[in-house]
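Examining the three-dimensional arrangement
Chain residues, written in single-letter form:
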Amino acid sequence: VQLQASGGGLVQPGDSLRLSCAASGSFFRINVLGWYRQAPGKQRELVATVSSGGSINYADSMRGRCTISRENDKNTKTVYLQMNNLKPEDTAVYYCNLKVLRNDFWGQGTLVTVSS
C-alpha cells in the first residue's frame, strides 16, 4: 500500500487549499481514509475521516471549514480535503492515513503554512 499526498503550500489567512492523497495497492474494500495534522511542537491530531461506506467525521477545530471526500476507482482510492478560511493555527504538516483491518498506513505528509 502506498499513499501519495499533494496540495500543500503557503497561503494567506482566509485562503482556501485542497489536499489530495492517492492510496494505491491491494487492500480490503472496507477501510477508512483520513487526514491528520501535526503542528510544530504538538502531537498529531485528527482533521477528518471518511469511510468506504461514506461515513464522515470531522475534528471540532476544522468543522465547518473543511470538507473531506473520496473517490473509489478500481485500483486507486483518492481522498480530498478542501479547507476554507484557513487560519495561522492551521499551519502544520498534513498526513493522509488509511485504516484497513488492524493496519494503519501513512503518507509522507504535506506542509501547509498559513501566514500573511
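Presented here is a report on the structure given in the accompanying data block. Everything numeric here is computed off the predicted structure, so don't read it as measured data. (Residues numbered from 1 in each chain as written. Predicted model: local features only at pLDDT ≥ 70, side-chain atom pairs only at ≥ 80, totals over all residues. Heavy atoms only, no water.)

1. Details of the pairing of strand S5 (residues 45-51)
By the criterion of burial, S5 is predominantly enclosed, with 5 of the 7 residues buried. With 6 bridges connecting them, strand S4 (residues 31-38) and S5 associate as antiparallel partners. The residue bridging Leu33 from the neighbouring strand is Val50, located in S5. Between S4 and the antiparallel strand that follows it, S5, lie 6 residues; Gly41 among them carries a positive phi value of about 80°. (Buried < 20%, exposed > 50% of the residue type's maximum accessible area, 1.4 Å probe, protein only. Helix = DSSP H or I, 4+ residues; strand = E, 2+ residues; numbered from the N terminus. Pairing = 2+ DSSP bridges.)

2. A short note on the state of the cysteines
One pass over the full model with this rule turns up 1 disulfide. Sulfur-sulfur distance for the disulfide between Cys21 and Cys96 comes to 2.1 Å. Given an S-S torsion of about 45°, the disulfide between Cys21 and Cys96 has right-handed geometry. Separated by 75 residues along the polypeptide, Cys21 in strand S3 (residues 17-24) and Cys96 in strand S9 (residues 92-100) bring together distant segments of the chain. The same class applies to Cys21 and to Cys96, which are both buried. The structure places no disulfide on Cys66, whose sulfur is separated from the nearest cysteine sulfur, that of Cys96, by 15 Å. (Disulfide = S-S within 2.5 Å.)

Everything listed here is a matter of geometry and, on its own, says nothing about what the molecule does.
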